[in-house]
Structures are given as structure tokens and as C-alpha cells.
Amino acid sequence: MAEIVMKNVSKHYGKKEEKAAVEDVSLTIGEGEFVVLLGPSGCGKTTILRMLAGLEDPTAGEIWFGDRLMNDQPPDARSVGMVFQNYALYPHMTVYDNLAFGLKARGVPKATIKRRVHEMAELLGVGSVISHRPKELSGGQRQRVALGRALVRDPAVFLMDEPLSNLDANLREQMRLELARIHSHVKVTTVYVTHDQNEALTLADRVVVMDGGRIRQVGTPGDVYAKPADTFVAGFVGSPGMNLWTLEWEEAGEGISLGNGALQLPRSFLPVLEAAGRNVTVGIRPEHLGMSLVKADVKVACNAEFFENLGSHTQLHARLASTQAESPDSDSPRLVARLDPAASIDSGERVILTAPAGAVSLFDAGTGVCMEDENAGYIDSASRYSPLVDSTLRDRPLT
Amino acid sequence: MTVTATTTSPTRGTDYTSNTPVKRRRSVLPLQFRRLQDRLVAYGLMLPATAVFVLFFYIPAAYLLYISFFHWSVLSSATKFVGLANFRILIHQPLFLHSLLTSAYYTVVMIPATVLLSLGIALLLKEAVSSRRRGAGIWRGAVFLPHVTPVVATSIIWVWIFNPHFGLANFVLTHMGLPALGWLESVHWALPAVIIDSLWHSLGLYVIIFLAGLSMVPRELLEVARLDGAKRYQIFRRVIWPLISPTTFFVVLLSTINSWQAFSQIYAMTGGPHGGAGGPAFATTTDALLVYQTAFVYEHFSLAAAMSLVLFGIIMTLTLVQKWISDRVVFYR
């Protein structure tokens, strides 16, 4: 195991190094920690992984494994195990030979190789296919062999580049659990790259959200989800992402009205809003919006457009509706709410959704950066879904 | 339109399996006519290539087989069936047996030299390309260039290079402190000289074939081998070599066939203005050259046909043996 420290690491490509894949990334990964690099395609997460493996040289910055500077070390001197997206198993070798290759290359005695390969095969449940070639294995078995090949050498650092992306949905979920089990067993420092937020949130000790070669947020899965650092993280993490509306606010009676009455917040938000200026970006996750009889802190008026029935819940797609608008405005901001499947709303109907104050995130309208807000915080799971349909709230003007 | 979020309960007796197929627009032509039309188009596309093969390959090959059992002359209409007499003559003909040995010598040297040199150059070029060295593309073109030049023209240049009195080859040897050689005038060195020319001329093709094979080796496998701690020679021996074995097999096969059929360079390098290719003292008389000389110099067409069939049998046998070995050694993904 080793601590990984990246100091101001950049990677540029092109003849004049004009294309930045990674820009000024600094990150510390603790011993035995499971860190997931999460981001859209082309955000630089795989490049970071390849630089950690020694397959790419950083243009600038330093990479440390413990107290050893790794910048000029070749891949074989780094004690790194890596799992590639397409497994990269040697197709002409049996499972045994695939697992044993690294040990043989390092001159480990035959008896030790045999023992460790069989132990690893048993740990990963591929003992019965140890004499098979990769093409005779299922996707899940190939994945396990790739994991085993990287782990059998007892690497100090374990790198995984979207290892589950080639598996079907059921197998992916199964392998996700398997990965968590293996990590708890071997406790090796792990860096895992994915664009799948489910993998990131379920596997990681910490998630590193990246975009455009830069780190946007580092935090626990709970932090990244509940307290996004900026509008990119808010929109990217979560499926669907957080609703984000940039609106003008004004004080209205006992509360605060935004977007000409489309959104109503309690007065406790006033200090933050005053610091933000006249415009602010408001974020609420779809599952925090509901139709509740319970007295709500936050109210959102919208015009329903259409629904997606996803079995366990229904996704309402709507547009914000100001009190001044006579009819639905096709240019007003979009909204997605995750409602109970029993909810029955007509398309075009005006609906008032509610949310607890803790569900609201406020971002600077110019920079998109999250603003410190004492209202913001975790929402208890019980308030995420509001199965009650409050017909009395329909068409009631916001006051 | 009203859209409800709840799923409507199906009424009793609903057929859940009913599935109305989507109707596709069909051609107005009857099915049989369309099939006939497709066949005609297919045969029409095959016709030019088939005609060339039949006219210039299968008919001459069949005729060759026919005349090998006859006493036949291109200048005479009188043909006489002689059975296996032509083959019996060959068995008792020392020059024919000598030509087979010469061809075997040529092939045995050419195949490993071709594989080792072309693979070595291909690996160097691949390394140059992957490390983005300047001029890698130019080198690749330069290696392939000899193969696209006419073999007769380049062979004449090589005759000058191997001139024992003022050729470049002896100039280099003497400057290296080595004795000058007789090259094409020497019984021992004439065939090696021809082999050097043949290698120089054919190497470009095999380098390109190996480059194609090397490009099929996934980059991830090489990277994972590096991460596994394998050294360069281990990566080559344990990863690259097995994965390019189909390419190697193809190169060996092609090189074997080309070696047994080698003619132009031998004829151009050893013939000279006075004729008598295959010298000195038949040192470069390969089977293919002897076939030509028997047919067109000595005008024993039936005997040449029998020789050709023996040559065909040898190449066929070698190919089948190689195939048998490859099925056990070569790894196909």
C-alpha cells in the first residue's frame, strides 16, 4: 500500500503541447483508500490514471508514491496493478498463465507462483476455469481474471480504468459488489476511473469529480451528492441531475419570491441571497421535489409537460410557471421531479411542488460556485418521496 | 392530450402476446425474378476475374498436365503418348536433381533471412512510428521502394555491385580488411549473391506485412506486460511473437513459394549477354530456371512440363506441411 500525492500535475498533448488533457491537478490519496475519478468523456480522468501507471509522462508537476518521486520511474518500477476497460488479457495464454505472467517476469519461484495463482483464482471464483483461454470465458470471468492478474503481484497501488463498462447491467451490479468485497479484503490503495456515477457513489471512499482536465470537487459520495461545489457537479452527479434555475429574487411578504413567483423560499435564505446579488442559481434535486400536504418551506410552481413511468417512480418533466404568466411559457426553465407512480397529473396542468429548505443549494449566477448557506444540508431519505398527491395545492397561487 | 402517470390496468382477456408486425414495402417484382436477377448480378461481377483465371491459369495448367505425358513440340503437330517416360528421364537426370538441391539451398537460406530481417526492420519502424520519431514515414517508404522497382533492372545494378574487379561489394570488403570475393563468377558465391539481391528486392513487401501484423497487437497488451514487469525481450517472446504468429506463418508460406519459383533475378544476374543463365557451372541453376531452359532453350516442352509438375508437387507438399505445423503452433484470435 502507498499514499499517492499528485502536486500540480498537468498533461499537454500536441506538437507545441497546446492541448491540455489534465491541468494543474493536485490530489492526495491515502493508504488503502478507494478513490473514484468521475467525469464525462474527455475530462482527463484516464490520463491521470495512465500517468500514475507510468504509461504517460506528466508535462508538469510531481507524482509521489509514499516518499518516492515517480515521475521518471518506468511502469514496472512502480508496483502498480492496472485493470483496463477491455480487460487486456493475453488471448493466447490460459487463465493460469495470465495470472502468473507478472510473477514469472519478476522471477518469482515456481512453487510460489503456483500457490499465489491458485489462491487468487479461488478468491475471485475462477478456479474452475484456470486452464481455459480468455475467449472461452464469460465477460464476468474475464473481468475477474483481469482483477486477479493485477492483484496477484501484491501491488502498492491498484488502478482501474472503467473496468465494468463492458458488462451488462446485472453483471455490473454484481461485479460492483465483488469489487467492494475484494477491496475490503486486500485494502490496497485504489484509483478507479468511471463516468458511471452509481459506481462512483457506491464504491468510493472519496469521489473526485473532473471536467475539462481539472478537478471540480473532491469529497465523500455523500458530500458530492448533497453539497455540490458548483453547478457542473450538481448537474453531473445524480440521475437526472439537479434542477438548476438562474432566477431574479425579491422579498415578498414573509418569504422570498424568485422568478416572478415561480419559486418561493423562506426568509432564512435572505443573507445568502443578498450576498449573491439580484440573480442567483437555485438547485433542487428531482427526488426532493414532491407534492406534500405537510407544510413546506419551499414551493415551486410549474406547468406539467410529460411523464416517464419508470416503475418504482414517475418522472415529471415540467417548466417553471411564474404567477404573472397567463399561460404556460415554453421558454421558462425546465424542471424534473421524481414522484410517486400513483401521482396522476394531466399534461399542461399547473402544479405546485414542495421541498424542504435543506434541499435547496444556491450557486453564484456568474461563476456557478456553491454559496455557503446555513439552510443547505443532507435531506433525510423519508422526505425524498412524497407519495401524497395534494390536489388542494393545485392551481393555488403562490402567496 | 391527457397523460396520466398511473399505468392503466389491462382489461380481462387482454392478449399480451399480440404483436402486429410492421409491414415493409416490398419490391413489385416477383420473388423468383428477383432471385434470378441477384444471381445474374453476382455471376456478372465474378465473370472478369473468373475468365482471367480460366484462360491464363487453369487451361494452361491443365494443358501442362496433358503434355507431361506426351512427347510434344510447339513446332510440330506430331504428339506421342509416352506415359511416365518424362518423369523417368527426370529421375535419372543429374542436372535436375542438382537444380532441386540448388532451389532447396536458396529456399532454406531465404526463409529465415526473410523472416528475421523483415521482422527486425518492422519492429524498428514500429518503434520509430510509436515514439513519433521524425522521418519514420520516409523510412517506411524507403524500405518498400525496392519491391516496386523492376526486378530485372535492380538485378543489373546488383551485377555491377558484385563485379569482382570494380564492384562496390568487394570495395567494402577490402576496406574492412576482408578478402575480395568472386561473387557471380564464383561457384560458391554466385548463389549467395543472388540471395542478397532477392532479399534486398523482396524485403520491403514482408516488412509491410509484418508492420500490419504488429499493428494488430493491442496496445493495452504491451502496456499491461510492461506493468507486469516484463522486459523488452520478454514482451517480444511471450506477447508479440505469439500474437503475430499468423503473420509469420503467412510470410513463411509466401517466401517459400516465391523462393521455389525464383527466376527473374537469377536469369538477369547470371545470364549476361552470352546467355547461359544458371552459371557458373550450374551453381545458380534452380528448378524454375531449368524448366525455362528445358522448354525454351532446348525445346523439350514435355520434359519441362514434367519438371513443373514436380516443382508444383514440392511446393504443394511444403505448403501442406507448413499448414499442418501452423495448426499446432500458430495462434489465431
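Remember, it's a predicted structure, so these values are computed and weren't measured experimentally.

Basis of the calculations
Residues numbered from 1 in each chain as written. Chains lettered and ligands numbered in written order. Predicted model: local features only at pLDDT ≥ 70, side-chain atom pairs only at ≥ 80, totals over all residues. Contact = placed C-beta atoms within 7 Å. Helix = DSSP H or I, 4+ residues; strand = E, 2+ residues; numbered from the N terminus. Nonpolar A, V, L, I, M, F, W, Y, C, P; charged D, E, K, R; others polar. Expected span 1.5 Å × (residues − 1). Buried ≥ 20, exposed ≤ 12 C-beta atoms within 10 Å, placed from the backbone. Arc of directions from axis to C-beta. Pairing = 2+ DSSP bridges. Axes fitted to C-alpha atoms, helices over the stretch in contact; angles between N-to-C directions. Domains from an automatic or database assignment.

Participant: How should the interface of chain B and chain A be read in this particular structure?
Facilitator: One frequently used descriptor of interface size is the decrease in accessible area upon assembly of the parts. Contact residues are listed per partner, giving 23 residues for chain B and 28 residues for chain A. When residues of the side of chain B that touches chain A are traced back to their parent elements, those giving at least two are helix 8 (219-227) and helix 9 (232-243) of chain B. Counting residues per element, the side of chain B that touches chain A draws most heavily on helix 8 of chain B, which supplies six residues. In the side of chain B that touches chain A, the residues fall into 12 nonpolar, six polar and five charged.

Participant: Which parts of the structure should I look at to understand helix 9 of chain B?
Facilitator: In an α-helix, one turn spans 3.6 residues; hence positions three or four apart end up facing the same way. Residue and element names in this part refer to chain B. Relative to the 16 Å expected for 12 residues at 1.5 Å per residue, helix 9 spans 15 Å between its end C-alpha atoms, a close match to the ideal helical length. If you check which residues of helix 9 are buried, you get Arg238, Val239, Ile240 and Leu243. Along the long axis of helix 9, the arc covered by the buried residues comes to 155 degrees, so they all point the same way. Facing away from the buried side of helix 9, by more than 90 degrees, are the exposed residues Tyr233 and Arg237.

Participant: Which parts of the structure should I look at to understand the sheet that holds strand 3 (residues 34-38) of chain A?
Facilitator: Paired through their backbone hydrogen bonds, the strands of a sheet run either parallel or antiparallel. All names here are of chain A. As summarised here, the arrangement of the six strands in space is 6-7-8-3-9-10, forming an open sheet in which the pairing is mixed. Of all strands in the sheet, those with a lone pairing partner are strand 6 (80-83) and strand 10 (214-219), marking the two edges. Going across the sheet, the axis of each strand differs from the next one's by a mean of 20 degrees, ignoring polarity. Relative to strand 8 (residues 189-194), strand 3 runs parallel, the two sharing five bridges. Residue Val36 lies in a different strand from strand 8, and its bridge partner there is Tyr192.

Participant: I'm lost on the domain arrangement of chain B in this one. Help?
Facilitator: Residues and elements named next belong to chain B. Domain annotation of chain B identifies domain 1 (31-86) and domain 2 (92-329). For domain 1 and domain 2, the distance between their C-alpha centroids amounts to 31 Å. Across the contact, 10 residues belong to domain 1 and eight residues belong to domain 2. Counting only elements with at least two residues in the side of domain 1 that touches domain 2, the list comes to helix 1 (31-67) and strand 1 (70-71). Looking at the side of domain 1 that touches domain 2 element by element, the count peaks at three residues for helix 1.

Participant: What should I look at first to understand the domain arrangement of chain A in this one?
Facilitator: Residue and element names in this part refer to chain A. Each assigned domain of chain A is listed here: domain 1 (4-234) and domain 2 (240-393). Each of domain 1 and domain 2 has a C-alpha centre, and these two points are 39 Å apart. At three residues, the largest contribution of residues to the side of domain 1 that touches domain 2 is made by helix 8 (residues 231-236). By residue class, the composition of the side of domain 1 that touches domain 2 is five nonpolar, two polar and two charged.

Participant: Whenever I open this one, the environment of B:Arg88 confuses me. Can you help?
Facilitator: Residue and element names in this part refer to chain B. Along the chain, the position of Arg88 falls in helix 2 (residues 85-91). Under the C-beta neighbour-count criterion, Arg88 is labelled exposed, with 12 such atoms within 10 Å. Through-space distance from the C-alpha of Arg88 to that of Val330 is 39 Å; in sequence the pair is 242 residues apart.

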